[in-house]
Number of protein chains: 2
Amino acid sequence: MNGAEALLRTLVGSGVDVCFTNPGTSEMHFVAALDRVPEMRGVLTLFEGVATGAADGYARMTGKPATTLLHLGPGLANGWANLHNARRASTPLVNIVGDHATYHRRFDPPLQADLWGLARTTSAWQRSTARVDDVGADAADAVLASYGPPGRIATLIVPADVSWSEGGAPAPRHPVPPLPLVPPETIEEIAKVLRGGEPSVLLIGGAAMRERGLDAAARIARSTGAKLLCETFPAVHARGGGLPEVEKLAYFGEMAIAQIEGARHLVLAGARAPASFFAYPGKPSDLVPEGVSVHELVAPGLDVTAALDALADALADALGSGTGPDALGAATRTGTLGAGALGPQAARGRAGRPSGRLTAESMAAAVGHLLPDGAIVVDESITSGVSVPAATAGGPRHDWLALTGGSIGQGLPVATGAAVASPGRRVLCLEADGSAMYTLQALWTQARESLDVTTLLLANRSYAILQLELARVGATGSGERAGALLDLHRPTLDFVSLARGMGVPAERATDAEGLAALLERSFSEDGPMLVEAVLG
Amino acid sequence: MNGAEALLRTLVGSGVDVCFTNPGTSEMHFVAALDRVPEMRGVLTLFEGVATGAADGYARMTGKPATTLLHLGPGLANGWANLHNARRASTPLVNIVGDHATYHRRFDPPLQADLWGLARTTSAWQRSTARVDDVGADAADAVLASYGPPGRIATLIVPADVSWSEGGAPAPRHPVPPLPLVPPETIEEIAKVLRGGEPSVLLIGGAAMRERGLDAAARIARSTGAKLLCETFPAVHARGGGLPEVEKLAYFGEMAIAQIEGARHLVLAGARAPASFFAYPGKPSDLVPEGVSVHELVAPGLDVTAALDALADALADALGSGTGPDALGAATRTGTLGAGALGPQAARGRAGRPSGRLTAESMAAAVGHLLPDGAIVVDESITSGVSVPAATAGGPRHDWLALTGGSIGQGLPVATGAAVASPGRRVLCLEADGSAMYTLQALWTQARESLDVTTLLLANRSYAILQLELARVGATGSGERAGALLDLHRPTLDFVSLARGMGVPAERATDAEGLAALLERSFSEDGPMLVEAVLG
């Protein structure tokens, strides 16, 4: 068995059976081995940024890594931006990067670069396989490393001669150990803080934003009066279907400070201490208001869900009150919708069917009115999607995947991978026009794989976020030439034409009724569709 | 004056007056300053890979650097692949990368990454400006550093607070010193080798492939009987218009060895010793046949044109024969077209107008028949363009820009930058379908800037090079699943639709007459056009 086949068999044996790729010559033995290892599904992308983003989306939905197969330094570099987002999402992800044959590197051939140095800028674990005998063990180690905890990027560099040499042997799967628990003393310490009765905020993130974590957080908020907030850009946020609603920490610093101000304690559970996304002249980077004590309930890599459960139990025991689902249900049904309060999503119900002008608000209403049960919403809407969270909170159960690392071009690839991971669920990608153009090639893979992805392309025809930011950073004296670098009007991008060019059916909506009708159609048909919403 | 304005004024004062960019929040002060420094032309791209490739194309045509303006680690990473190609082309190029404010980095905000480590993998010079007082001097140093010699990537990282702080002052331009000369002893040594009468090959590359270098190389070949070859992927190759024709070193190793075999001496002038692009099992990486002595006429960074002139003069003096253009003309007119011989391009004349089926050959004939005088050919045709060099050799004077670093997605961006650099000249981009999809966003910038670029999109609907390579690396047992990862049929890419979606007029050709008519139309109209040639 050659090295490539041993590598593939090890990956599959370790539970990694989807490979997003755009291969090159140095990966041809891996490609050839796919015919001998049919358990591995190879998904072709037209650009590596699609492959890495898809692997991120896949792992967010399955909890296990996909692998990429990338071509030397350029392949890894093309995938870097979405690896960055995956890193910020704590996504487990395995990169296999083909390299020149070991003996070939000394000729410094054209495609050679500092691949090791490049991998280091995005990978928490990396190794270059030196001998075919090691490739199985290296692959098994890479998969284990990707789990962290927390989840991380593991990059295995495989020289071409390791792939083609005989003598490879698959290595057995490493068992993935359970997440380590938060020490009981820490739980008790935080419980004491929250029992103290001083105004407190519980800020959750990461795995705490799945069903069990949300329920536990809601119990804590109910029993202590703590205000519940969540991180701004979660990897996966379970929403709708009557799940507790959680207010997001605002993107803009002054709004985030206002959300926390008045509290004496800030308890972090899977989230980091609030800090500004960017720095602005004369504005603070640290968003923890003065006088607020920060307490870390869960250090990175520990089991945040179990910690919230334990904390909720400890607080409930102290109160002596019931904490079962019925008690929670009763509590949320009587909760308020005030800032930061724990709200009953179901009470809002579905948004009504919108009509008239197509605006950010009527677009949001259309989504809220029609969102299918079990949908996966991938959100790279930047400015245009601001009203969608409220419009969908009262809708059916869905998962919401955000842009975790700020590197645009994430939405379409993550939607692609999420759809590969979740057959039978509709993926709705809320995609801004400027961001879409970074990795539009994802549409072709959606068509090729007949994925159930609806891309709702929000065309405001500008980098609107930058028009805001230009003012916020206090840039002065800017006029026509500066403004021209933030506009996408000349020429107008025709996303219907672009999508059709890649084999994805596409239509344009110019009013709210039209948008609702097109979304309805896409949600009822198999396969991908793009709906361009021209926002007025 | 704030740091951003001082930076801009220094760049302009140093002769750098075109900026290819996709900016973000950390670059907003630079963007705003464009209105105060109108000498700098800002060119917006939809993806950083377009910006870096355009800067490469611009510098190849002007000999001076453009600047990019990139957004933090992700912006630099998105531009990495074409920086890699630029590095391999010895292109002078300045990157300005915006970074978080110095005091903001300790919060590890979402967009933060190891920007310094990332820059190091592609830049020969890099610096992070620490204080606004330094930004002028740093920018002037960056421009100087980009000239090398040889030309290189210089990356200046500019924190947001350096950009927005007052106290910046433009720095004066550093004079660019002339290229150092090859020592006379080396010239004499090589002259002695070539005078020896043993079979020799002169392999030229880099700046030797401009008019003066080609003329000198041709004189050397004529006076010594040396066989003239040139590197496979030149940054700029001056062709047509009666210039000496030079045979290219073949891409596939066994063919390259055959081109050199029989020689006793191999003289390198601006080219590296022949080595295989990739390694293949059982095939040599080193393409210098046994028994061939390698002599380096020009070390990297020295003046290859002057060296070839001096060598030609030395050899002519020894022979006592005339070496003026007339003598050369007479020699080339009587030369042979055999492998490696110095051929008279003009004698071939224009290719005839093709008709019938649209194949790689009739496509090449159409290009040869119609190529406008002074055209710039950007070649990312991979397998489909193999017949175009022969078909254009006898045509009018043109420049030929190749894929220097093997990282695909270079053609459309380089064509964009070459057109910005060369108003009044038609750019013809020979673009393979698989490669086009890497950086197709370049079309939008071509439309926006009304650039005279004709994209001849060669649709063979596969990664045909990889189908060849799959066999060459000896991969066995490959079948349907492996083949599927190399084909682009499902679904078919419609490049007419894709180009129109970005505002570029586009048509499809399915026979040779149709292709010729569409090329004729595009060459006679201003602005960009894409012609999709469906090759049978």
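I will try to describe carefully the structure that is included in this document. (Residues numbered from 1 in each chain as written. Chains lettered and ligands numbered in written order. Predicted model: local features only at pLDDT ≥ 70, side-chain atom pairs only at ≥ 80, totals over all residues.)

What follows is about the interface of chain B and chain A. Contact residues are listed per partner, giving 87 residues for chain B and 87 residues for chain A. Broken down by element, the residue count for the side of chain B that touches chain A peaks at five residues, all from helix H22 (residues 495-501) of chain B. Class assignment of the residues belonging to the side of chain B that touches chain A gives a composition of 44 nonpolar, 29 polar and 14 charged. (Contact = placed C-beta atoms within 7 Å. Helix = DSSP H or I, 4+ residues; strand = E, 2+ residues; numbered from the N terminus. Nonpolar A, V, L, I, M, F, W, Y, C, P; charged D, E, K, R; others polar.)

Take the relation of the copies chain B and chain A next. Structural alignment of chain B on chain A gives an RMSD of 0.0 Å, achieved by rotating through 180° and translating 0.0 Å along the axis. Between the two chains, the operation in question is that of a two-fold axis. Closest approach to the rotation axis within chain B is made by the C-alpha atom of B:Leu498, at a distance of 2.4 Å. Of the residues that chain B buries at the interface, 100% are likewise interface residues in chain A, meaning the two copies contact each other through the same surface. (Least-squares fit on C-alpha atoms with pLDDT ≥ 70 in both.)

The next point concerns the packing of helix H15 (residues 360-370) of chain A against helix H23 (residues 512-524) of chain A. Residues and elements named next belong to chain A. As a packed pair, H15 and H23 sit with axes 9 Å apart at the nearest point and diverge in direction by 35°. Pair H15 / H23 crosses with right-handed handedness. Every residue of H23 that contacts H15 at Ser 362, Met 363, Ala 366, His 369 and Leu 370 is listed here: Ala 512, Leu 515, Ala 516, Leu 519, Glu 520 and Phe 523. Among the residues forming the contact of H15 with H23, the class breakdown is eight nonpolar, two polar and one charged. (Axes fitted to C-alpha atoms, helices over the stretch in contact; angles between N-to-C directions. Left-handed = near helix turned anticlockwise from the far one by under 90°.)

Turning our eyes to something else, we now look at unusual backbone geometry. For the bond running from A:Pro149 to A:Pro150, omega is -5°, close enough to zero to count as cis. Cis geometry marks the peptide bond from B:Arg490 to B:Pro491; its omega dihedral reads -15°. Turning to its location among the elements, B:Pro491 is positioned in the loop between helix H21 (480-484) and H22. Notably, A:Leu72 is not glycine yet its phi reads approximately 55°, a positive angle. On the basis of neighbour count, A:Leu72 is assigned to the buried category, with 27 C-beta atoms found within 10 Å. Backbone geometry at B:Ser90 places phi at a positive 55°, although glycine is not the residue there. Looking at where B:Ser90 falls in the secondary structure, it is placed in the loop between helix H5 (80-88) and strand S4 (93-99). On the basis of neighbour count, B:Ser90 is assigned to the buried category, with 21 C-beta atoms found within 10 Å. (Buried ≥ 20, exposed ≤ 12 C-beta atoms within 10 Å, placed from the backbone.)

All names here are of chain A. Here six strands make up an open sheet; going across it, the order is S2-S1-S3-S4-S6-S5 and the pairing parallel. In this open sheet, the two edge strands, each paired with only one partner strand, are strand S2 (41-44) and strand S5 (125-128). Averaged over all pairs of adjacent strands, the angle between their axes in this sheet comes to 20°, without regard to strand direction. For strand S1 (residues 18-21) and S2, the ladder comprises four bridges, and the chain directions are parallel. Note on S2: the bridge partner recorded for Thr 21 is Leu 44. (Pairing = 2+ DSSP bridges.)

Each strand in a sheet pairs with its neighbour through backbone hydrogen bonds, running either in the same direction (parallel) or in the opposite one (antiparallel). Residues and elements named next belong to chain B. Strand order in the open sheet made by the five strands is S11-S8-S7-S12-S13, with parallel pairing throughout. Every other strand in the sheet has two partners, leaving strand S11 (247-248) and strand S13 (293-298) as the edge strands with one partner each. Here two bridges tie strand S8 (residues 227-230) to S11, and the two strands are oriented parallel to one another. Within S11, the position partnered with Leu 229 by the bridge is Glu 247. Together, strand S7 (200-204) and S8 form the strand contacts of helix H10 (residues 211-224), whose direction differs from that of S7 by roughly 180°.

This paragraph deals with the nonpolar core. Counting 395 residues, the largest nonpolar core has A:Ala269, A:Leu311, B:Ala269 and B:Leu311 as its most contacted members. When sequence neighbours within four positions are dropped, the list of residues in contact with B:Ala269 reads B:Leu202, B:Ile204, B:Ala208, B:Leu297, B:Val298, B:Val304, B:Ala307 and B:Leu308. (Core = buried A, V, L, I, M, F, W, Y, C linked by C-beta atoms within 7 Å.)

Let us look at the environment of A:Glu254. Residues and elements named next belong to chain A. Tracing the backbone shows Glu 254 in helix H11 (residues 253-260). Residue Glu 254 is classed as partly exposed on the basis of its C-beta count, with 13 C-beta atoms lying within 10 Å. Between the C-alpha atom of Glu 254 and that of Leu 287, which follows or precedes it by 33 residues, the distance is 7.9 Å.

Everything listed here is a matter of geometry and, on its own, says nothing about what the molecule does.
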